[in-house]
Amino acid sequence: MFRKAAVAALVGMALTLSFAGPSSAGVQGKELTCHTYVGGGGSYGVADCRNNTNRAIAFRVKVVCGWMADQTGDWITLNPGDHVTSSARCDGPLSTGVGSVDWEEG
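The structure reproduced in this document is the subject of the present report.

Procedures and definitions
Residues numbered from 1 in each chain as written. Predicted model: local features only at pLDDT ≥ 70, side-chain atom pairs only at ≥ 80, totals over all residues. Heavy atoms only, no water. Disulfide = S-S within 2.5 Å. Helix = DSSP H or I, 4+ residues; strand = E, 2+ residues; numbered from the N terminus. Buried < 20%, exposed > 50% of the residue type's maximum accessible area, 1.4 Å probe, protein only. Contact = heavy atoms within 4.5 Å.

A short note on the state of the cysteines
Taken as a whole and assessed by the stated rule, the structure comprises two disulfides. Here Cys34 engages in a disulfide with Cys49; their sulfurs sit 2.0 Å apart. Handedness here is read from the sign of the S-S torsion; for Cys34 and Cys49, about 115°, the answer is right-handed. Of this pair, Cys34 sits in strand β1 (residues 33-39) while Cys49 is found in strand β2 (residues 44-50), placing the two residues 15 residues apart along the sequence. Note on Cys49: relative accessible area 0%, which makes it buried. Here Cys65 engages in a disulfide with Cys90; their sulfurs sit 1.9 Å apart.

Some remarks on the environment of Leu78
Structurally, Leu78 is set in strand β5 (residues 76-78). Residues Leu78 and Arg55, spaced 23 residues apart in sequence, show a C-alpha to C-alpha distance of 8.6 Å. Discounting residues that sit within four places of it in the chain, Leu78 has contacts with Leu32, Cys49, Arg50, Asn51, Arg55, Ala56, Ile57, Phe59, His83 and Val84.

Take it as geometry only, folks, not as evidence of what the structure does.
Below you can see the structure in the form of structure tokens.
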């Protein structure tokens, strides 16, 4: 009985953590202003980014896909003032949908 309750509690915590709200700029070490969200009924993640700096910055979306391998979008270079989205899908046979969405600058 105790084991079942412990498993249920862990699953509940994992679900709570996997549905965190959208993120935005202000994350230490990141320069783009980005908003992330999940679309397609939970099958893809999107990073919608704007470059408010005075130099070009490359970025890509990073999506955690549950039981399947995590996915990343293609690298996109944003010039100063540009705005664009990057997306990646979690649609493999083992996918449990998007767990979280973030972006990587490089």
